[in-house]
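# Summary of structural features
For reference, the chains in residue letters:
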Amino acid sequence: MAERVETSIPEGENTIEERHVGAMWELEQKLDQPMDEEANKINTINGEGGYSMWVLLRLSFQSLGIVYGDLGTSPLYVFYNTFPDGIEDKDDVIGALSLIIYSLLLVPLIKYVFIVCKANDNGQGGTLAIYSLLCRHAKVGLIPNQQRSDENLTTYSRTLVPEGSFSAKTKKWLEGKHWRKRALLVIVLLGTCMTIGDGILTPAISVLSATGGIKVNNPKMSGDIVVVVSIVILIGLFSMQHYGTDKVGWLFAPIVCIWLLFIGATGMYNIFKHDTSVLKAFSPTYVYLYFKRRGRDGWISLGGILLSITGTEALYADIAYFPLLAIQLAFTFFVFPCLLLAYCGQAAYLVNHKDHYKDAFYASIPGTAVVLVMLMTTLLMVLIMILVWRCHWSLVLVFAVLSLIVELSYFSAVIFKFIEGGWVPLIIAAISLLVMSVWHYATVKKYEFEVHSKVSMSWILGLGPSLGLVRVPGIGLVYTELARGVPHIFSHFITNLPAIHSVVVFVCVKYLPVYTVPEEERFIVKRIGPKTFRMFRCVARYGYKDLHRKDDDFETKLFNSLFSFIRIETMMEPGANSSTYSSAYSVNQTQDSRDALVHNNNSNNHHNGNNNNDNNENNNMDMFSSMVDYTVSTLDTIVPVDSPHNRMSFRHSSTIEEEEEDELEFLQTCKESGVVHIMGNTVVKARSGAGLPKKIAIDYVYAFLAKICRENSVILHVPHETLLNVGQVFYV
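Remember, predicted model here, so these are calculated numbers, not experimental data.

Before going further, it helps to examine the overall build of the protein. Tallying secondary structure elements over the protein gives 27 helices and nine strands in all. When each of the 732 residues of the protein is scored for burial, the buried share is 49%. Total accessible area on the protein stands at roughly 34500 Å², and carbon and sulfur atoms take up 61% of it.

Right, let's talk about the nonpolar core for a bit. Among the nonpolar cores identified, the biggest contains 96 residues, and Tyr68, Phe79, Leu315 and Phe331 are the most heavily contacted of them. When residues of this core are assigned to their parent elements, the largest contribution, 16 residues, is made by helix α16 (residues 324–352). For Tyr68, the contacting residues outside a window of four places in its chain are Ser63, Leu315, Ile327, Ala330, Phe331 and Val335. Formed by 26 residues, the second largest nonpolar core is a distinct cluster that contains Phe536, Cys538, Leu716 and Val718.

For the rest of this paragraph, the subject is a negative patch on the surface. Residues Asp85, Glu88, Asp89 and Asp297 make up a contiguous surface patch of negative charge. With respect to the helices and strands, Glu88 occurs in the loop between α5 (78–82) and α6 (90–113).

Our focus in this paragraph is the environment of Ile187. Inspection of the secondary structure puts Ile187 in helix α9 (residues 178–211). Owing to a relative accessible area of 23%, Ile187 belongs among the partly exposed residues under this scheme. A C-alpha to C-alpha distance of 9.7 Å links Ile187 and Tyr131, two positions 56 residues apart in sequence. If near-sequence neighbours (up to four positions away) are discounted, Ile187 is found in contact with Met376, Leu379 and Leu380.

Let us now look at the pattern of salt bridges. A side chain of one charge can pair with a side chain of the opposite charge if their charged atoms are brought near each other. For the structure shown, the criterion picks out eleven salt bridges. A salt bridge links Asp121 to Arg136; the shortest N-O distance between them is 2.9 Å. On the criterion of sequence distance, the pair formed by Asp121 in the loop between α6 and α7 (127–137) and Arg136 in helix α7 is long-range, its members being 15 residues apart. Across the pair, exposure class does not vary: Asp121 and Arg136 are buried alike. Each of Glu519, Arg522, Asp546 and Lys557 takes part in salt bridges that share partners, so that together they form one network.

Time to look at the pairing of strand β8 (residues 675–685). Bridge count for strand β2 (residues 470–480) against β8 is four bridges, and the pairing is parallel. What sits directly across from Ile475, in β8, is Val675. Bridging between β8 and strand β9 (residues 723–731) involves nine bridges; their strand directions are parallel. Note on β9: the bridge partner recorded for Val684 is Phe730.

Two aromatic rings, taken as a pair, are described by how far apart their centres are and by the angle between their planes. Tallied over the full model, the rule gives 14 aromatic pairs. Ring geometry for Phe523 against Phe554: centres 5.6 Å apart, planes inclined by 55°, an arrangement best described as tilted. Highlighted residues: Phe523 in strand β4 (residues 523–527) and Phe554 in helix α22 (residues 554–572), separated in sequence by 31 residues. Exposure class is identical for Phe523 and Phe554. Each is buried. With a centroid separation of 6.4 Å and 85° between ring planes, the pair formed by Phe536 and Phe565 is classed as edge-to-face. Taken together, the positions of Phe536 in strand β5 (residues 535–542) and Phe565 in helix α22 put the pair 29 residues apart, joining distant regions of the chain. Side by side, Phe536 and Phe565 carry an identical accessibility label, which is buried. When the ring centre of Tyr156 is taken as origin, the NZ or CZ atom of Arg136, which lies over that ring, is 5.6 Å away. The ring of Phe666 carries the charged tip of Arg534 above its face, separated from the ring centre by 4.4 Å.

Let us now look at unusual backbone geometry. Where the residue is not glycine, phi is negative for most of them; where a peptide bond is considered, it is trans in most cases. Of note in the backbone geometry, Arg390 takes a positive phi value of approximately 55° without being a glycine. What makes Arg390 partly exposed here is its relative accessible area of 38%. Located in the positive-phi region is Arg534, a residue other than glycine, with phi close to 55°. Looking at where Arg534 falls in the secondary structure, it is placed in the loop between β4 and β5.

Among the secondary structure elements, Arg527 is positioned in strand β4. Judged by relative accessible area, which is 0%, Arg527 ranks as buried. Looking at Arg527, its side chain comes within polar contact range of the side chain of Glu569, at 2.4 Å.

This next bit is on the packing of helix α3 (residues 53–67) against α16. Here α3 crosses α16 at 75°, and the two axes come no closer than 8 Å. Viewed along their axes, α3 and α16 adopt a mutual orientation that is roughly perpendicular. Along the contact surface, α3 presents Leu56, Leu59, Ser60, Ser63, Leu64 and Val67, while α16 presents Leu325, Ala326, Ile327, Leu329, Ala330, Phe334 and Val335. A per-class count over the contact of α3 with α16 returns eleven nonpolar, two polar and no charged.

Cut-offs and rules
Residue indices follow the written sequence of each chain, beginning from 1 at its first position. With the structure being a predicted model, the display of local features is reserved for residues of pLDDT at least 70 and the display and counting of side-chain atom pairs for 80 or more, all residues being used for whole-chain, interface and lining totals. Values shown for side chains rest on all heavy atoms present in the structure; no hydrogens or waters enter the calculation. By the criteria applied, helices consist of DSSP H or I runs no shorter than four residues and strands consist of E runs no shorter than two, each listed in order from the N terminus. Only protein chains enter the accessibility calculation, which uses a 1.4 Å probe; a residue is then buried when its area is under 20% of its type maximum, exposed when over 50%, and partly exposed in between. A 1.4 Å probe and the Shrake-Rupley method give the accessible areas. Residues count as covered only by the protein chains that appear here. Nonpolar cores are built from buried Ala, Val, Leu, Ile, Met, Phe, Trp, Tyr and Cys residues. Side-chain atoms within 4.5 Å join them into one set. Whether two residues touch is decided by their heavy atoms; if any such pair falls within 4.5 Å, the residues are in contact. Here a patch means residues that are over 30% exposed by relative accessible area and free of salt bridges, tied together within 9 Å if like-charged and within 5 Å if nonpolar (Val, Leu, Ile, Met, Phe, Trp, Tyr). For this document, the term salt bridge refers to a Lys or Arg side-chain nitrogen within 4 Å of an Asp or Glu carboxyl oxygen. His is not counted here, nor are the chain ends, while Lys and Arg score as positive and Asp and Glu score as negative. Think of each charge as sitting on NZ of Lys, CZ of Arg, CG of Asp or CD of Glu. Here, a strand pair is defined by DSSP locating no fewer than two bridges between the strands. Each Phe, Tyr or Trp ring (for Trp, its six-membered ring) is paired with any other whose centre lies within 6.5 Å, and the angle between the two planes then decides the class: stacked below 30 degrees, edge-to-face above 60, tilted in between. Here, a charge over a ring means that NZ of Lys or CZ of Arg falls within 6 Å of the ring centre while also lying within 35 degrees of the ring normal. In protein, a polar contact requires one atom able to donate a hydrogen and another able to accept it; more generally it is a pair of N or O atoms within 3.5 Å, and residues adjacent in sequence count only if both atoms are side-chain atoms. Axis lines are fitted to C-alpha atoms, over the contacting stretch for helices. Their N-to-C directions set the angle, which ranges from 0 to 180 degrees. Each angle gets one of four labels, with under 35 degrees taken as roughly parallel, over 145 as roughly antiparallel, 65 to 115 as roughly perpendicular, and the rest as oblique. Note on residue classes: Ala, Val, Leu, Ile, Met, Phe, Trp, Tyr, Cys and Pro are nonpolar, Asp, Glu, Lys and Arg are charged, and everything else, Gly too, is polar.

Next comes the structure, spelled out in C-alpha cells:
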C-alpha cells in the first residue's frame, strides 16, 4: 500500500483552535511520557580495572604493529620530497632536519599523544569520536531524537557546565543558531572525508616507497617491476585484515619493532661516522636561517617536511585498540627516539653525499589531505577544551594559536604542490563529502516528516481497546524512527486494513552519540495506555560502532526484554487493577471521544484548516478536560487522580503471580500465533518545483544510495516471510 504525502504548515488558527492545540499538547505530555523511569530501572555494573606494568608493556609492543606503520616508514621519502631538485648547501640539510625535529615534537608528541588523544570517547578516537562528545555536551545534533533516558547509559559520560562560565556561554552560542550546528557538521564530515582520502593513498605510498629500495643496487631495473611487487605486497597485507586486530598486531609488531630499531641504529651509526654537527639542528635557530636562506623555495619544501608527520591522525583514530597509556609509552620512549635518530643519521649522510639524495628514497604523491584533517581536528579540539574539559580561555588560545601556526604553514606549502598530485586525495574527499551530505540531508527530512505527521496518542486511546478494528491473534512490531508518538504508517495501516494484531509493539531503532551501548542496556520497554490495549513501546539503542551481526537474534532479545518488563511491572504496579479503570473508561468515554478525537486528529494531521462549530468545540474541550484529569503512573498505566488506588499498596504474592502469568501466557500465545514486522518504506522525491541541483541530489544520488544500501529489514535480520512494508512517498 502506498500513499502520496506532502506536508505543509498552516498559516493561522482561530482562538478556540489554539486552545484545542494547547489542550491536546498537554494531554499528549500526560499520555506519552518519556522513558526516563524505565531507563533508571536498568542496573548495570560495568567496571574497568587498571593495567599492570607488564600488561601495559605488552600492549605497547603490540601497538607497534597497528598504530605506527605510517609514521615509521616516513623516513623513506621525506628528504627526497623536501629537496626534489637536489641539495645545494649542507646548511639546508640541517635546516630541514630542524624542521623535522620540531614537527615531530609539536604535532605527534605534544599535540596528539598528550593532548588530542585524551579527547577520546571512552577509548574511541577520531573525528567522529570528537563529534559524539560535543553532541553529548551540547545540543548540536541535527536529528533531535535524544531523550533524558539516554543519559543513564554507562557509556554516556559527560560533565555539567556551570552556569555563567565561559563554557556555558560557548555552549549557548553554539546551540543558538541552526547554521552553526550545520557548520560544525560540515567540519566533522570534511575531516572524516579527508581521512578517507588519505587512507586510500597512504598504504600504496608507503609500500611503493619501501619497495623502491630494491632499485638502489639495480638502477636499470624497470619501474614496472617495483609496481608489481608493491601490488603483491598490498594484496597480502589487506588479505590479513580479516584475522582481527589482535592477530595482525602480534604479526606486525615484531616487524615494525625490528624496522624501528634498524633505522634508529643505522641513524646513530651515520651520525658518528659522517657528521656529528647535524645535532645542532636541535636548536630552533636553524629553522629561521633555513627560511631566510631559501625564501620561497624553503616555504614550498614544507610539503616534503609534512610527510614526516603523516600517520599522526591515524594514531589518534587507532587508540580504540589499545589503552592510551600504552600508546603514550610506545611513542614517547621508543618510536619518537628511533625516528629522531633515523632523520639525524640521514641528514649526516646527506651532508657529505649531497648527490645521493635520491638513492634511499622514492617519489611519492604529496599525502594534502593530511594537513586538512589536522586543521579540522584543531578546530574541534578547541570546542572540546571549552565544553568538555572546561579549560581556561587562555590555555585554549595558546593551543589554537600554536597549532594553527604550524598547520597553516604546512597547508600553505602543500597548496603549491596541488597540481603535482595533491589533488587526488582532495577529489576523493570531495566525492565522499557529497555522498555523506546528500544522505544526511534526506535522512533529516525524513525524520522531520515523521515528526510532523505522527498520530496523536490521544486519538489512539480514544479508539478504545479494540482500536476500532478487529484484534486478530499475533504480535505486530511497528518500526518507527520516533521515540515518542505513534508513526504515520500505523494510521495508514489501520485505515486501509480492517484488522490489527492483538498485541502491538512500536519499535524505535535509535543511534546515540556513544561508541557502543552495552547489550544489557540495549532495550527500553514501556506500556502505552491501559493493559487492555496491549500496546507497548520498545526503544533499541545502538552506538556508532555497534554492528548488527548475522548471529544477532533481534526479535528474541526484544521479546525477552518485553517479558522482563511485564514481570517487573506486575511486582511494582499500584494495588488497583487497571482493568477496572479500563472498562469504565471504555464504556463511558470511548464512544463519545472517538469521533471527536478522530476528527481532531484528521484536522491536525492533514492541516485542512477547517473551523468547527461552537457546539463541537465545547464538546471537544469538555472531553479534553475529562481526559486531562487522568494521570500516568510510573509505569504509564492510567488511573484517576482522585482514586484511592493511586497510592502504592502491597498485594498478596499469589495475586501478582496470577496476573503476571496471565499476561505472559497471553503474550506467549500471541507470539506463537505469529509475529509480523511492519516497516515503513518511505520513498523520498524532489518536489515538482524544485531546482535542478536538488532534483539531481534527491532523485538520482540519494535514490541510488538508498537502492544499494541495506534496508532495515536486512540489518535487523527480519525474515522475509514475516515482513510487511507500508509504502509512502514523501516530497521535499
